[in-house]
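Examining the three-dimensional arrangement
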Amino acid sequence: MRIGWAWPLALAAIAGTLLGYLAPPGLIEAGVLLALGLRRHRGALLLLLVVAVTAGQLLWRQQAELAEGLSRQTLVVEGRLTEVRHQGALARLRLDVAACVPLEAGRLPCDTLRQLRLSHYAPPDQMAAGESWRLAVRLRPPAGLSNPSGFDYRAWLWREGIDATGYVRAEPVPERLAPAAPSPRDLALAHLASRELPDGARRWLAALTLGASEALTPADWERLNATGTTHLVVISGLHVGLVAGFALLLGRGVARLVTPRAWRLALWPWWLAALATGAYAGLAGLAPPALRALVMALIGLWVASGRHAPGPWQGWWLALAVVLLLDPLSLWRPGLWLSFLAVALLILIWQGRPRPWGVRGWLWALVRTQWLLAPWMAAAVLLAFDRLATAAPLVNLLAVPLVSLALVPLGLLGWLLAWAPPLSGACWWLFAELVVALEALLEASLRWLPPWYPEPWERLPLALGLGLLALTWALPGLAWGWRTLVSAWLMTLPLWLMPPAPAPGEATLRVWDVGQGQSVEIATANHRLLYDAGPRFTSGYTPLAGLWPPGRRFDRVIISHADLDHAGGVPALAEHRVGDWLAPRGEAIGVPFAPCQAGQAWRWDGVDFRLLWPPPGPRPAYRGNDSSCVLLVSAGERRVLITGDVGREVERRILRQVPTPLDVLVAGHHGSRGSSGPQFVERLRPRQVIYSAGRDNPFGHPDDEVVRRFARQGSCQWSTALDGALTLRLGPETRIAPQRRIPWAGVGGRCHGVESPPWIGLGR
């Protein structure tokens, strides 16, 4: 292979990965015809083979996902546990599936499943990774909430290669088939557990030297994420590169002693470094970050050797091609682009520059590299994780040398000296002292420079500005005047970024995707209202907690009623600023509130808000669902009605108070049969109906009869279960936009059922 083919190979791997993900019709047939046409062109056939290999892996991956017909059916699976995380009485399991059969005869086969993520609410004692089990499970296809700037759980499941999620059933009883086979990593962790070490040192030693990141506590991860130092504890290019570098230095030092005149020509030190690198990555489990680092380190050794080696940029492209060939799913992992963009900037920084000399030269090189990397990595982290670790440049300037030059070498040296406990203990004692210093550094930086969570509309411009700033100072040949001018201009970027606020008289309404629950946010030019706080799940997870950065201002929060799917997220609002609370009289939502009652009205920025239910009075006349606060919002000629969970009787009582035509109705009780009665639907005839419901929920929301009832009136119907969060701009050019783009359009017109086209105006 000629070295000049590295970048075409990488582009072919990217193309194949994208084609396999999109899976257009006729892909295989087109590939066969193209191969026949190129049979005499070996180079083109090689590129086509790369495309076919990467696309084939993605196509196979999509076929492995659970079929919709098996959702919530009891299946019996056998396999090996690769991860077990205990959270109180709950255990999170990851299972590599060896066999799968439906418990009930006549069901679809499930033998394509390869990897599952399960919840076990009453796990047996001593359930551990590496064991083989037979489990009865109920699964559903990979799914997740879909909100603007929120954590995309569905995308995370995809890039982790998980084919279904679900829970373990108590019957049939789980059965352990085989104990965990001992591995070098497990033996090392057991040895570490037997040593007398401070708990913090044991956690960090396991993470830094064995890749056991699960040993770190949530508090550890919170500190690392907030300070932009997560890369220090994930087995990545830093750790693998250190092992390769130390092994190479050791080998070349021995070669210099053995063959003083020809030590520079010796090949075996380079092979020793490659073997040591592979062994270390294998010990860490060859997880995607370790595999990626191994490929990059091996090609980096080849580039550095100079023996028929590619240049730095060709090596960069070649490493990208190899990583994608081995793991096409890594194209969707932020870690891939963080690693490769960092290496690309390092090449730019150092290409053509002389090697540093002396202690002063190396210290200056370290400072310069960290400062030039800081804005680039900050931009990448901002796009991937929606935050800016303001302490990262200063913390990394100290933490990177501490980890790379002290903690990792001491940790590895302790393992090499494990046969001599006193020497190993001395290394690890010093390691423990330095860990205390590192944790103190992270804590101090968080107190002085806490992380910043920009608004969604700020993130892309800020990331582009930070990336341009890094390139301005990294690109060789630019005059200092231009660098200073561009940097000064970029510093003013936050000053002229303006929030996309609605105009006076208009409003933005967003129905958040919170699963089986409801939360609706309404923003005017200068005010913000939240109707319902969404659910709190059995595991304690609250979808509301990840929707906004801390400190969001809500002028008013209305909790329709106290059911957990509407009020479960109230505790999560503690980190935000709430002006006042409204809820039905007699309900308990966990915070003080004023009672909502029919007749209350207010006007914000030209937008009218009016409560239609419950009726006023010292004692609540209705309880539960029928006590829900019903809100009517009017922005000019546009009207939105949110009815909470009220039933048909209440709907009939408020019917005359709702002006028609109604533009948007957030369907009552998630589209259940007990709401949206025939008279209510026929009179209001809403142009748009939104169901706030969880995907594949056990209640069957929205009910089929309710969907047909609205369809007969010509309403366009949406569901957060399918469309994700739905955003409406209420104004003259009002449109509704889903967060998730459904690949199929409406049938027999603009809308059919709840299968909604990507964009539909509110006008008929």
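Parameters at a glance
- Residues numbered from 1 in each chain as written.
- Predicted model: local features only at pLDDT ≥ 70, side-chain atom pairs only at ≥ 80, totals over all residues.
- Heavy atoms only, no water.
- Axes fitted to C-alpha atoms, helices over the stretch in contact; angles between N-to-C directions.
- Helix = DSSP H or I, 4+ residues; strand = E, 2+ residues; numbered from the N terminus.
- Parallel < 35°, antiparallel > 145°, perpendicular 65-115°, else oblique.
- Left-handed = near helix turned anticlockwise from the far one by under 90°.
- Contact = heavy atoms within 4.5 Å.
- Nonpolar A, V, L, I, M, F, W, Y, C, P; charged D, E, K, R; others polar.
- Salt bridge = Lys/Arg side-chain N within 4 Å of Asp/Glu carboxyl O.
- Buried < 20%, exposed > 50% of the residue type's maximum accessible area, 1.4 Å probe, protein only.
- Core = buried A, V, L, I, M, F, W, Y, C linked by side-chain atoms within 4.5 Å.
- Bend = angle between axes of the 7 residues up to and from the residue.
- Phe/Tyr/Trp six-rings, centres within 6.5 Å; stacked < 30°, edge-to-face > 60°.
- Lys NZ or Arg CZ within 6 Å of the ring centre and 35° of its normal.

1. Section: the packing of helix H1 (residues 6-22) against helix H11 (residues 312-326)
For the pair H1 and H11, interaxial distance at closest approach is 8 Å and the crossing angle is 30 degrees. By the angle class used here, H1 and H11 are roughly parallel. Two packed elements cross with a definite hand, and for H1 against H11 that hand is left-handed. Contacts between H1 and H11 involve Ala6, Trp7, Leu9, Ala10, Leu11, Ala13 and Ile14 from the first element and Gln314, Trp317, Leu318, Leu320, Ala321 and Leu324 from the second. Among the residues forming the contact of H1 with H11, the class breakdown is 12 nonpolar, 1 polar and no charged.

2. So, the pattern of salt bridges
The tally for this structure, following the rule as stated, stands at 31 salt bridges. Of the charged contacts, one joins Glu104 and Arg107 as a salt bridge, the two residues approaching to 3.7 Å between their closest N and O atoms. What makes Glu104 partly exposed here is its relative accessible area of 45%. On the basis of relative accessible area, Arg107 is assigned to the partly exposed category, the value being 35%. With its nearest N and O atoms 2.8 Å apart, the salt bridge here joins Arg528 to Glu521.

3. Re the nonpolar core
Grouped together as the largest cluster of nonpolar side chains are 41 residues, with contacts concentrated most on Trp204, Leu407, Phe431 and Leu438. When residues of this core are traced back to their parent elements, those giving at least two are helix H5 (184-194), helix H6 (199-210), helix H8 (237-258), helix H10 (288-305), helix H14 (392-416) and helix H15 (421-448). Broken down by element, this core gets its largest block of residues, 11 residues, from H14. Contacts of Leu438, omitting those with residues within four sequence positions, involve Trp204, Ala399, Leu402, Val403 and Leu407. The next biggest cluster of nonpolar side chains, apart from the first, holds 30 residues, and it includes Ala507, Ile522, Leu582 and Trp604.

4. A short note on H14
A bend of about 40 degrees at Val403 is the largest found in H14. Most of H14 sits out of view: 18 of its 25 residues are buried.

5. Section: the packing of aromatic side chains
With the rule as written, the count across this model stands at 16 aromatic pairs. Judged by centre distance (5.7 Å) and plane angle (90 degrees), the rings of Trp512 and Trp548 are edge-to-face. Note that Trp512 is positioned in the loop between strand S7 (507-511) and strand S8 (520-523) and Trp548 in the loop between strand S9 (528-531) and strand S10 (553-558), a separation of 36 residues in sequence. A single burial state applies to Trp512 and to Trp548, both of which are buried. Geometrically, the ring pair formed by Trp602 and Phe609 is stacked, given 5.6 Å between the ring centres and 5 degrees between the ring planes. In terms of burial, Trp602 and Phe609 fall into one category: buried. Here the aromatic cluster, defined as three or more aromatic residues joined through ring pairs, consists of Trp313, Trp316, Trp317 and Phe340. A cation sits over an aromatic face here: Arg510 above Trp512, 5.1 Å from the ring centre. We note Arg556 situated over the ring of Trp602; from NZ or CZ to the ring centre the distance is 4.4 Å.

Interpretation in functional terms is not warranted from these geometric data alone.
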